[in-house]
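Structural description and commentary
Listed below are the residues making up each chain.
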Amino acid sequence: MPARDMLRNALLLQIEAGADEAIAEAPVDRFAQRPPSPAPAAPAPAAAARPAPPAAARPAPTPVRVTRPAAPAALVTAETALGAARAAALAAPTLADLRAAVEAFEGCQLKETATHTVFADGAEGAPAMFVGEAPGADEDRIGKPFVGVSGQLLDRMIATIGLSRSLNAYITNILFWRPPGNREPSSEEIALCLPFVMRHIELARPKVLVFLGGPSAKTLLGRAEGITRLRGRWQDFRTQGMLERGEPPIAAMAMFHPAYLLRTPGAKREAWRDLMAIRARLAEAGALG
Ligand code: URA
């Protein structure tokens, strides 16, 4: 096989494995980064052979201060970033302020490899808010959530119950930046975005909140079960802030993610049932024209 084709195939293999992002300006030679092998140990000084100085000449023992062991630097950085995320989210009085706060936030490393911050799309003040997982390649390129194939299916699904981004649906994700190569986000990355997502829901204040897929449902409901168990049931959703202010809960429902429905057409029956329940709830709230 010509060398050019071999190189092309090797590249395709990497892309299929999800390595489709250059995350630094120049390649890194990890072999050259190996730590140097330790130098041979120097012989121990023959302290024992030396005579001990007279007691009066010995320095006074240094007082020992007992302190807590320092937290590892990475932990401190993560805690600081989380504190900054919480403070910035709480300080945002409007959706526009929150968008600006998310765009200015530098604490989540996903931002380093993303092209755009993907905040939200749709009608502010909409009665229905949909929360997916993370931007993919199309969303990262365009800067809006759910604009790829699964987004097109989402648009068709919500249209069947009288919803559209231009009128009465508002769409976001639990992550604002694309994980490189669409890898699974770490729990730390999710935790760093969470204060912004919670504030996002408080400020959008929809009548009905829909979690698209397991990661969104599990994160926002704080539950461990999978989407098959969580979907199709109404839950009361309240952020800590809503609880403290004594605000009523938002009706929330989890459903299958459109990307899953594309891979598993047989699950569309359950998705249809969930959409009907959402439509009924919105109609009950007088939110459908
Ligand atoms: N999948 C998601 O969960 N969110 C998007 O924005 C796109 C695809």
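One can find the structure itself at the top, above this paragraph.
In this report, the structure presented in the accompanying data block is examined. Note that the structure is predicted; figures quoted are calculated from it, not measured.

Our next topic: the pairing of strand β3 (residues 169-173). Buried residues dominate β3, accounting for five of its five residues. Here β3 shows a buried face lined by Ala169, Ile171 and Asn173 and a second buried face lined by Tyr170 and Thr172. As paired strands, strand β1 (residues 121-122) and β3 are joined by two bridges and run antiparallel to one another. When the sheet's bridge partners are listed, Gly122 is paired in β3 with Tyr170. In the sheet, strand β2 (residues 128-132) pairs with β3 via five bridges, with the strands oriented parallel. Its bridge partner lying in β3, Val131 is registered against Thr172.

Looking at the largest pocket, its volume works out to about 620 Å³. Around the largest pocket sit 28 residues that line it, and Glu133, Ala134, Ser150, His257 and Ala259 are the ones nearest its centre. For the lining of the largest pocket, the elements supplying multiple residues, two or more each, are α5 (137-142), α6 (149-159), α8 (214-221) and α11 (258-263). If one sorts the elements of the lining of the largest pocket by residue count, α11 sits on top with four residues. By residue class, the composition of the lining of the largest pocket is 14 nonpolar, eight polar and six charged. There is about 420 Å³ of room inside the second largest pocket. Around the second largest pocket sit 19 residues that line it, and Pro195, Met198, Thr239, Gln240 and Gly241 are the ones nearest its centre. Ranked by residues supplied to the lining of the second largest pocket, first place goes to helix α7 (residues 187-204) with six residues. Taken together, the residues of the lining of the second largest pocket break down into ten nonpolar, three polar and six charged.

The subject of this paragraph is α7. End to end, α7 covers 25 Å across 18 residues, agreeing with the expected 26 Å (1.5 Å per residue, within 8%). The largest bend in α7 is about 40°, located at Leu194, with the proline Pro195 one to four residues further on. Within α7 the residues assigned to the buried category are Glu189, Ile190, Leu192, Cys193, Pro195, Phe196, Val197, Arg199, His200, Ile201, Glu202 and Ala204. Just past α7, the residue Arg205 takes up positive phi, approximately 40°.

When you line up the elements, Lys111 lands in helix α4 (residues 110-113). Separated by 2.5 Å, the side chain of Lys111 and the backbone oxygen of Glu103 make a polar contact. A polar side-chain atom of Lys111 sits 3.1 Å from a polar atom in the side chain of Glu106.

Around the ligand sit Gly132, Glu133, Ala134, Pro135, Glu139, Pro145, Phe146, Ser150, Asn173 and His257, and that is every residue in its neighbourhood. In this structure, Glu133 approaches the ligand through a main-chain N or O atom, which is 2.8 Å from an oxygen atom. The side chain of His257 places a nitrogen or oxygen atom 2.8 Å from an oxygen atom of the ligand. Burial of the ligand by the protein chains amounts to 91% of its free accessible area of 230 Å². Here the ligand is seated within the largest pocket. Among the residues forming the shell around the ligand, the class breakdown is four nonpolar, four polar and two charged.

Another aspect to go through is the sheet that holds β2. The sheet built from six strands is open, its strands ordered β1-β3-β2-β4-β6-β5 with mixed pairing. Single-partner strands in this sheet number two, and they are β1 and β5 (234-237). Both β5 and strand β6 (residues 250-255) contribute to a ladder of four bridges, which runs antiparallel. If you follow Trp234 over to β6, its bridge partner there is Met253. Along the sheet, α8 makes contact with β2, β4 (208-212), β5 and β6, crossing β4 at roughly 125°.

Time to look at the side chain of Arg178. Tracing the sequence through the fold places Arg178 in the loop between β3 and α7. The class of Arg178 is buried, set by a relative accessible area of 3%. Here Asn182 takes part through its side chain, which lies 2.8 Å from a polar atom of the side chain of Arg178.

A full pass over the atoms with the stated rule returns eleven salt bridges. Where Arg165 meets Asp121, a salt bridge forms, and the shortest distance between an N and an O atom there is 2.9 Å. Within this pair, whereas Arg165 is found in the loop between α6 and β3, its partner Asp121 is found in strand β1, the two being separated by 44 residues in sequence. A residue is classified by how much of its surface remains accessible, and Asp121, at 18% relative accessible area, is buried. Here Glu202 and Arg199 are joined by a salt bridge, their closest N and O atoms 2.6 Å apart. You can see Glu202 and its partner Arg199 sitting in helix α7, three residues apart, about one turn around the helix. On the accessibility criterion, Glu202 (10% relative accessible area) is buried. Residues joined in a network through salt bridges with shared partners are Arg199, Glu202, Arg205, Arg245 and Glu247.

Quick notes on the rules
- Residues numbered from 1 in each chain as written.
- Predicted model: local features only at pLDDT ≥ 70, side-chain atom pairs only at ≥ 80, totals over all residues.
- Heavy atoms only, no water.
- Buried < 20%, exposed > 50% of the residue type's maximum accessible area, 1.4 Å probe, protein only.
- Helix = DSSP H or I, 4+ residues; strand = E, 2+ residues; numbered from the N terminus.
- Pairing = 2+ DSSP bridges.
- 1 Å grid on protein atoms, 1.4 Å probe; cavity = no way out; pocket = protein on both sides within 12 Å on 5 of 7 lines; lining within 4 Å.
- Points joined across faces, edges and corners; volume = space filled by probe spheres on them.
- Nonpolar A, V, L, I, M, F, W, Y, C, P; charged D, E, K, R; others polar.
- Expected span 1.5 Å × (residues − 1).
- Bend = angle between axes of the 7 residues up to and from the residue.
- Polar contact = N/O pair within 3.5 Å; in protein donor to acceptor, adjacent residues only side chain to side chain.
- Near = heavy atom within 4 Å.
- Areas by Shrake-Rupley, 256 points an atom, 1.4 Å probe, with all protein chains shown as cover.
- Sits in = over half its atoms within 2 Å of the grid points.
- Contact = heavy atoms within 4.5 Å.
- Axes fitted to C-alpha atoms, helices over the stretch in contact; angles between N-to-C directions.
- Salt bridge = Lys/Arg side-chain N within 4 Å of Asp/Glu carboxyl O.

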